[in-house]
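Per-entry structural report
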Amino acid sequence: MAAGKGRVLPLLAVAAALAAALLYTAPFSKSLGGEGCSLLPHGHFWIASQRVVALGRVGPAAVEVKEGLINAIAVGDYRSFVLRRPLVDYGDAVIMPGLIDVHAHLDEPGRAEWEGFSTGTRAAAAGGITTLVDMPLNSFPSTVSEETLKLKVDAARDKLYVDVGFWGGLVPENALNPSKLESLLNAGVLGLKSFMCPSGINDFPMTNSTHIEEGLVTLAKYKRPLLIHAERIPDVASDEELDGELDPRSYATYLKSRTPAWEESAVRDLKRAMKDTEVGGRSEGAHLHIVHLSDSKTSLRLLKDAKHSGAKVTIETCPHYLAFSAEEVPDGDTRFKCSPPIRDAANKENLWEALLDGHIDMLSSDHSPSTPDLKLMEEGNFMKAWGGISSLQFVLPVTWSHGKKYGITLNQLASWWSEKPAELAGQKNKGSILPGYHADIVVWNPEAQFHLDDSHAVYHKHRNISAYLGNELSGKVLSTFVRGNLVFAEGKHAGAACGATILAK
Ligand SMILES: NC(=O)NC(NC(N)=O)C(=O)[O-]
Ligand SMILES: [Zn+2]
Ligand SMILES: [Zn+2]
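Residues numbered from 1 in each chain as written. Chains lettered and ligands numbered in written order. Predicted model: local features only at pLDDT ≥ 70, side-chain atom pairs only at ≥ 80, totals over all residues. Heavy atoms only, no water.

The next thing to look at is the coordination of the zinc ion (ligand 3). Donor atoms from the polypeptide that bind the zinc ion (ligand 3) are His103 (NE2), His105 (NE2) and Asp366 (OD), placed at 2.0 to 2.1 Å. Bound by four donor atoms, the zinc ion (ligand 3) shows angles of 85 to 126 degrees at the metal and therefore tetrahedral coordination geometry. Here the donor residues of the zinc ion (ligand 3) share one chain and are spaced in sequence as H-x1-H-x260-D. Metal-to-metal, the separation of the zinc ion (ligand 3) and the zinc ion (ligand 2) is 3.9 Å. Judged on exposure class, the residue histidine 103 and its partner histidine 105 are both buried. (Donors = N, O, S within 2.8 Å, 3.2 Å for Na, K, Ca; no water. Tetrahedral: all angles 85-135°; square planar, octahedral: opposite > 155°, others 65-115°. Buried < 20%, exposed > 50% of the residue type's maximum accessible area, 1.4 Å probe, protein only.)

Below you can see the structure in the form of structure tokens.
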């Protein structure tokens, strides 16, 4: 390419992208550009900036959006290509693939007072997240069958500001029954999720390793992943746990009650399941995904070993494990309670190292709010409070603000938050800015700093239970596009909720 000259990549790889899209398609819930779906009155336009994260590079480019898809990318001096059509020039702001959050608890139907499709997806849009995958528990009933998935999809109708897919639950009731599992998978869940310890939700019981190994055999046929909450109560209690009276307001008490041995015990128990996913294994084609890894020591080492031996395993961690450390959690401040727990500063350093080295594959929010009363904020009892971090809207600025000192790049952000999650969720036409892909895009300013105080608009349901309130962050989301619809800009949402439910086919 001659210096200073632009280059346009018309419909690059469209054939591949569209062919792959046949595997999983996102049914559009409303026609694109429908009444009120977008804050922009165009169905065909260009957006441009000096920092477009696309094609493995960051630089000046213009992206052509047509009927919800990315039609072309002009890199370099793009002006000669952008003729006649409207162009939105974002100057120095970053144009990046929208974030795909594969771990969010939206809690509807049944616990809409905890979160909800409307509030949750408005928060997502304001945070630059363009696709969410909803967890099968905390709603009521849990998503464990074709019928309960249908309740989810019905509850989501006309409430979505971003696209939403669903994980189903692998529970003892369906794990050993392939036809039940197949009907759940045929109904369109993107994969399954199970717990190896009590989930805290009565109609979502834990699974043992036999359930997991058998479930994987069915999942292998569908090539969809099994997500695992990998904590298991160790067979031998540690001496520390046997210590006498411990103060339930002290964060140290909570840490002692849920040690890294819980994660380690679960990972050891998954040994055979992981082996089964290897080439020639009983469930070759299946894929195990460890959600919210916190233990950066033995559990991570065992998972690295399994990956090294050829097991199909991926790992996610969450911004709260990368932003906070146990030393900083004030006693009684149950906003920080989650499972597995936020551990010490050395653990946090190791998690960053593993993420930067590629051993941890991706990030997710694990946004899991409840009503404020269940957080027992006045009592401050860590042992009784609901566990779950409320963070949906803040994950991009939190990752960026804390990652800057480790020298993270915009391409890494796009990989952890968009490309890898798209792959996990089987979304072959999402997660990158590439011709033929959905025009799911976040525009943000990494340099803009803000104080997350009462004047900051927060869209998820209960702002006061978020551990991030009061933080100084950098990285401000300016605009969010979902399939070409400008769903959020300058603090405002589009009038209509035109996100789609994503069902696997
Ligand atoms: N029932 C839950 O939402 N649990 C969640 N709770 C956390 N992470 O503290 C989770 O994902 O394990
Ligand atoms: Zn979990
Ligand atoms: Zn969760």
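On to unusual backbone geometry. A cis amide bond links phenylalanine 140 to the next residue, proline 141, at an omega of 0 degrees. Here proline 141 lies in the loop between strand S8 (129-134) and helix H3 (146-156). Of note, the amide linkage connecting serine 339 to proline 340 takes the cis form, showing an omega dihedral of -10 degrees. Relative to the elements of secondary structure, proline 340 occurs in the loop between helix H11 (319-323) and helix H12 (345-356). A positive phi angle, close to 45 degrees, is found at leucine 376, a residue other than glycine. Along the chain, the position of leucine 376 falls in the loop between strand S15 (362-363) and helix H13 (395-403). (Helix = DSSP H or I, 4+ residues; strand = E, 2+ residues; numbered from the N terminus.)

Our next topic: the coordination of the zinc ion (ligand 2). Around the zinc ion (ligand 2), the protein supplies His229 (ND1) and His292 (NE2) as donor atoms, at distances of 2.0 to 2.1 Å. Each of the four donor atoms around the zinc ion (ligand 2) contributes to a set of angles spanning 55 to 145 degrees, which defines the coordination as irregular.

What follows covers the pairing of strand S3 (residues 57-66). Pairing of strand S2 (residues 44-54) with S3, which is carried by nine bridges, proceeds in the antiparallel orientation. Among the inter-strand pairings, histidine 44 is bridged to a residue of S3, identified as lysine 66. Alignment of S3 against strand S4 (residues 69-75), held across six bridges, turns out to be antiparallel. Paired with valine 63 across the strands is isoleucine 73, a residue of S4. Connecting S3 to the antiparallel partner S4 that follows it, the hairpin turn spans two residues, and glutamate 67 within it adopts a positive phi of roughly 50 degrees. (Pairing = 2+ DSSP bridges.)

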